[in-house]
Every structure is written in structure tokens, then in C-alpha cells.
Amino acid sequence: MRMINMLKIFAGIFAVSMSIGLMQPKQASAAYTYTSKDYGYSIDCPQKPLGVIPLIDPNQKGEVLVFKNDGYNILEGWIIATNAFDSSQIPNFDKMTDKESQQYAANFVMNSNGRYQTVLFIPLNGHKVLYAVGQQDVYVDANKKEKADAVKGNVSQRIETYIPGQKTNYVIVFFKSGEMTTQDSTDYQNGLISFKELP
């Protein structure tokens, strides 16, 4: 399964720390429904995106919905990409038993070279979909002239959900520079529940 190569996306490599108990929140009224005619989907967003830019990736096509930025730096957004995985190269998730799903998820984490801390399957719109939580990425932002005790640690967060479609297979990625809040989690999960492939 190909993972998104975040070329020219300045938010970096993200990870997510998230409560599994929030996997199916009650869906609230969407602030904004984004419809992509180019890529054939709609999704409910917590707010109207500040901008929508093409995904820069050699293998996948899609869009980045930007919710927060600092100049050219994208601090928070969702990525919706097509051609996210090849159905002929992976098992049919819907036909896997619970034991097979658990083993597949465990192998996925083991073979990710430490990229993911949790992988599990969740029910979504009549399908079993892969939900991958990344390791928390902590990076250092310091001026060489500063004292050692002035070094600041920053956190980036990321979560990916892989969804089979009729025309193509999608991945929906949440990313944020900074700690993810409960509201971030709820907004992303409601977005997943609302996601529709257009006819």
C-alpha cells in the first residue's frame, strides 16, 4: 500500500495520539460541505477551507483542504487522495475475520519501520476500513545562540484512513502542527462518516 509522499507540504511528518473510544462520535451539523467535481467526492468540514490546493505526489492525485496556515506553511488540514492503494495487492478487508484483521493490523505496524503506533479496522459506510494512527513526531526548534534550557520541543500529528471506493480507493489524512484536541478528533471522524463518492 502506497503512503502519501508529502512533497512540498510544509507541515512535515505528522502523528496522532487519539482515544479509540471516540471512533464513532455523534455526527453534528456540518459547517461546510466540500464537493470535489475533479475527484468525485464530498465531505463535511468543520469550516469552509481557507484554500484547496492540489496534492503534489508522483503516484496519487487529490487535494489538500487547508484549515490553518502561517504564510506558506500549512499548519492544519485534510488530504483526500485517490489511487491510495491497489485492491489487487491487498486482501478484501470486508471478507476478513476478526482474527485475520487483527493479524493484518499487527503486521502493518510491524512492517512500518516505526511509522505507526496503532492500526485497526473500523466500520464505515458499510465497509471495514483501515485506520492508521502515526507515532507522535517531536522535533526541536532552537536558535544556536540560545542556552540548552531554552530549546523548545514541538509536536506534529497525523492520522490516515483508507477507504475502498467504486471508482478508486481513497485515503483521508488529518494533519496538524501542534497537539490534536478532542474537537479536532471529532471533526475528522464526522468528516469520515460523511464522506461520499459521487456517482
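It should be noted that the structure appears before, not after, this text.
Now for a description of the structure that goes with this document. (Residues numbered from 1 in each chain as written. Predicted model: local features only at pLDDT ≥ 70, side-chain atom pairs only at ≥ 80, totals over all residues. Heavy atoms only, no water.)

**A few points about the overall build of the chain**
As a reminder, the rule being used: Comment: elements are numbered from the N terminus, with helices defined as DSSP H or I runs of at least four residues and strands as E runs of at least two. Exposure categories follow from relative accessible area, calculated using a 1.4 Å probe and restricted to protein chains: below 20% of the type maximum is buried, above 50% is exposed, and the middle band is partly exposed. The contact rule is simple, with two residues in contact once any of their heavy atoms fall within 4.5 Å. Computed with the Shrake-Rupley method and a 1.4 Å probe, the accessible areas treat only the protein chains shown as cover for residues.
Helix and strand counts for the chain stand at two helices and eleven strands. What you see in the chain, going N to C, is helices and strands ordered as β-β-β-β-β-α-β-β-β-β-β-α-β. Within the chain, the proportion of its 199 residues that are buried is 44%. Restricting to contacts in the chain with at least 6 residues of sequence separation, those with at least 24 account for 57%. By element, 50% of the accessible surface of the chain is carried by carbon and sulfur atoms, the whole surface being about 11000 Å².

**Topic: the sheet that holds strand β11 (residues 196-197)**
For clarity, the cut-off: Paired strands, in this sense, are two strands between which DSSP finds at least two bridges. Only C-alpha atoms enter the line fits that serve as axes; for helices the fit covers just the stretch in contact. Angles between N-to-C directions range over 0 to 180 degrees.
Across the sheet, which stays open at both edges, the three strands sit in the order β1-β2-β11 with antiparallel pairing between neighbours. Two strands lie at the open edges of the sheet, namely β1 (32-36) and β11, each paired on one side alone. Relative to strand β2 (residues 41-45), β1 runs antiparallel, the two being bridged by five bridges. Along β2, the bridge assignment pairs Tyr32 with Cys45. Helix α2 (residues 182-194) rests against β2 and β11 of the sheet, and its axis sits at about 150° to β2.

**A short note on the packing of aromatic side chains**
Rule in force here: Paired rings are identified among Phe, Tyr and Trp, the last through its six-membered ring, by centres lying within 6.5 Å, and are further divided according to the angle between planes into stacked (under 30 degrees), edge-to-face (over 60) and tilted (the rest).
Going through the model one piece at a time under the given rule, you end up with twelve aromatic pairs. Seen from their ring centres, Phe67 and Trp78 are 5.2 Å apart, and the 85° between their planes marks the pair as edge-to-face. Of this pair, Phe67 sits in strand β4 (residues 62-70) while Trp78 sits in strand β5 (residues 73-81), placing them eleven residues apart in sequence. Ring pairing ties together the aromatic residues Tyr34, Tyr41, Tyr170 and Phe195, which thus form one cluster.

**A closer look at the pairing of strand β6 (residues 116-124)**
Relative to strand β7 (residues 127-134), β6 runs antiparallel, the two being bridged by eight bridges. Across the sheet, residue Tyr116 finds its bridge partner in β7, namely Gly134. In this structure, the hairpin formed by β6 and β7 is closed by a connection of two residues, where Asn125 is found at a positive phi of approximately 50°.

**Description of helix α1 (residues 98-110)**
Structurally, the α-helix is built with 3.6 residues per turn, so residues lying three or four positions apart point the same way. What counts is decided by this rule: Each helix should span, by expectation, one fewer than its residue count multiplied by 1.5 Å.
For α1, with 13 residues, the first-to-last C-alpha span of 18 Å sits near the 18 Å given by 1.5 Å per residue. Looking at the buried side of α1, the elements it contacts are β6 and β7.

**Comments concerning the pairing of β5**
Counting buried positions along β5 gives seven out of nine residues, so the element sits mostly inside the fold. With eight bridges connecting them, β4 and β5 associate as antiparallel partners. For Gly62, the partnering residue across the bridge sits in β5 and is Ala81. In this structure, the hairpin formed by β4 and β5 is closed by a connection of two residues, where Gly71 is found at a positive phi of approximately 65°. By the bridge criterion, six bridges tie β5 to strand β10 (residues 170-177) in an arrangement that is antiparallel. Counterpart to Trp78 in the pairing with β10 is Phe174.

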